[in-house]
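Structural overview for review
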Amino acid sequence: ASPFDSVKWEKSNTDKNVTLYYANGGDCNYYKTETIVDKSCGYKAKDLMKILLDYEKYRQIFVKTTAFSPVKETNKGTVIYCRIDFSPMKDRDYHILMTVNDAGGTQILEWKPYNGMDVIGEQKDCQRVNHVYGRWLFKDLPDGNISVSTEYYNNWEYKNLPLKTVTPFEKNVAVNNMKLFLRYISNTK
């Protein structure tokens, strides 16, 4: 089961065609964005998911991700080393275990922390983050359009910043990540 399955989402706002949902998770917040991709894009749900599985394309789409590199394949998924660098999340790195599933026609790209002993050691110029969860969901709709959503739950371990201070920033990042993905697919038709 995913940590997102039991979240009670509250609609926060809609920015153009991206709807943001939010839930307070105590020490961290949960974020979800949803949109509909028009069938005229020429893609299907599986095609959109494959874009995010291309590690070089991933960094082209999400430019503040300075590293997104596979470390190894396991019987449960792919271990990936990630590094992000933008304020207030300067110089953060982490490892995730990424899995791909088809759940009744919904394509799911999900990640959770990976803390195995075989990961890249802590970098002197980075703060290691150990709680990074998320998933993208892609579903072909009967009308030919594609439902796309993404969900995040991360503890970025902000030093000396209360959660209420970073919540507006994190909401903006969630919406912007979806917009960056939409821009990429509209530019590659």
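Residues numbered from 1 in each chain as written. Predicted model: local features only at pLDDT ≥ 70, side-chain atom pairs only at ≥ 80, totals over all residues. Heavy atoms only, no water.

Here we come to the overall build of the protein chain. Secondary structure summary: the protein chain contains 3 helices and 10 strands in total. The order of helices and strands in the protein chain, counted from the N terminus, is β-β-β-α-α-β-β-β-β-β-β-β-α. Across its three principal directions, the C-alpha atoms of the protein chain cover 50 × 35 × 30 Å. Looking at the 189 residues of the protein chain, the share that counts as buried comes to 49%. For the protein chain, the share of sequence-separated contacts (at least 6 apart) that also reach a separation of at least 24 residues comes to 53%. Carbon and sulfur atoms form 48% of the exposed surface of the protein chain, whose accessible area is close to 9900 Å². Taking the 27 positively charged and 23 negatively charged side chains of the protein chain as two groups, their mean positions are separated by 3 Å. (Helix = DSSP H or I, 4+ residues; strand = E, 2+ residues; numbered from the N terminus. Buried < 20%, exposed > 50% of the residue type's maximum accessible area, 1.4 Å probe, protein only. Contact = heavy atoms within 4.5 Å. Areas by Shrake-Rupley, 256 points an atom, 1.4 Å probe, with all protein chains shown as cover. Lys, Arg positive; Asp, Glu negative; His and termini not counted. Charge placed at Lys NZ, Arg CZ, Asp CG, Glu CD.)

Attention now goes to the packing of aromatic side chains. Enumeration over the complete set of coordinates arrives at 13 aromatic pairs. Each ring, one from Phe4 and one from Tyr30, has its centre 6.1 Å from the other, and the planes form 85 degrees; the classification is edge-to-face. Remark: Tyr30 occurs in strand 3 (residues 29-37) and Phe4 occurs in the segment before strand 1 (10-15); sequence separation between them is 26 residues. Taken as a pair, Phe4 and Tyr30 share a single burial class, namely buried. Geometrically, the ring pair formed by Tyr30 and Tyr153 is stacked, given 4.3 Å between the ring centres and 20 degrees between the ring planes. Of the two residues, Tyr30 is situated in strand 3 and Tyr153 in strand 10 (residues 146-154); the sequence distance between them amounts to 123 residues. With respect to class, Tyr30 is no different from Tyr153; both count as buried. One aromatic cluster is present, formed by Tyr55, Tyr58, Phe62, Phe68, Trp136, Phe138 and Phe181 through successive ring pairs. (Phe/Tyr/Trp six-rings, centres within 6.5 Å; stacked < 30°, edge-to-face > 60°.)

Before going further, it helps to examine the environment of Lys179. With respect to the helices and strands, Lys179 occurs in helix 3 (residues 163-187). For the pair Lys179 and Ile61, spaced 118 residues apart in sequence, the C-alpha to C-alpha distance is 9.8 Å. Non-local contacts of Lys179, meaning those with residues more than four positions away in its chain, are made with Asp15 and Val18.

When you tally the buried positions in strand 2 (residues 18-24), you get 6 out of 7 residues, the bulk of the element. Two elements, strand 1 and strand 2, share 5 bridges in a ladder whose sense is antiparallel. Looking across to strand 2, one finds that Asp15 is bridged to Val18. The turn joining strand 1 and strand 2, which pair antiparallel and follow one another in sequence, is formed by 2 residues; a positive phi near 60 degrees is taken by Lys16. (Pairing = 2+ DSSP bridges.)

Before going further, it helps to examine the side chain of Thr106. Mapped onto the secondary structure, Thr106 falls in strand 7 (residues 106-113). Apart from the residues lying within four places of it in its own chain, the contact partners of Thr106 are Asn101, Leu137, Phe138 and Lys139.

So, about unusual backbone geometry. The phi dihedral of Lys16 falls on the positive side, at around 60 degrees, and the residue is not glycine. Under the relative-accessibility criterion, Lys16 is labelled exposed at 74%.

We now examine the packing of helix 1 (residues 45-53) against helix 3. With their axes 12 Å apart at the nearest point, helix 1 and helix 3 run at an angle of 110 degrees to one another. Regarding the angle of helix 1 to helix 3, the classification is roughly perpendicular. For the pair helix 1 and helix 3, the contacting residues are Leu48, Ile51 and Leu52 in the first and Phe181, Tyr184 and Ile185 in the second. Tallied by class, residues from the contact of helix 1 with helix 3 come to 6 nonpolar, no polar and no charged. (Axes fitted to C-alpha atoms, helices over the stretch in contact; angles between N-to-C directions. Parallel < 35°, antiparallel > 145°, perpendicular 65-115°, else oblique. Nonpolar A, V, L, I, M, F, W, Y, C, P; charged D, E, K, R; others polar.)

Along strand 3, 7 of the 9 residues are buried, which leaves the element largely enclosed by surrounding structure. Pairing analysis gives 6 bridges linking strand 2 to strand 3, with the strands arranged antiparallel. Across the sheet, Ala23 pairs through a bridge with Tyr30, a residue of strand 3. Taking the residues that link successive antiparallel strands as the turn, the strand 2-strand 3 hairpin has 4 residues, and the phi of Gly26 there is positive, at about 90 degrees. For strand 3 and strand 10, the ladder comprises 8 bridges, and the chain directions are antiparallel. Across the sheet, residue Tyr31 finds its bridge partner in strand 10, namely Tyr152.

Nothing here speaks to function; it is geometry throughout.
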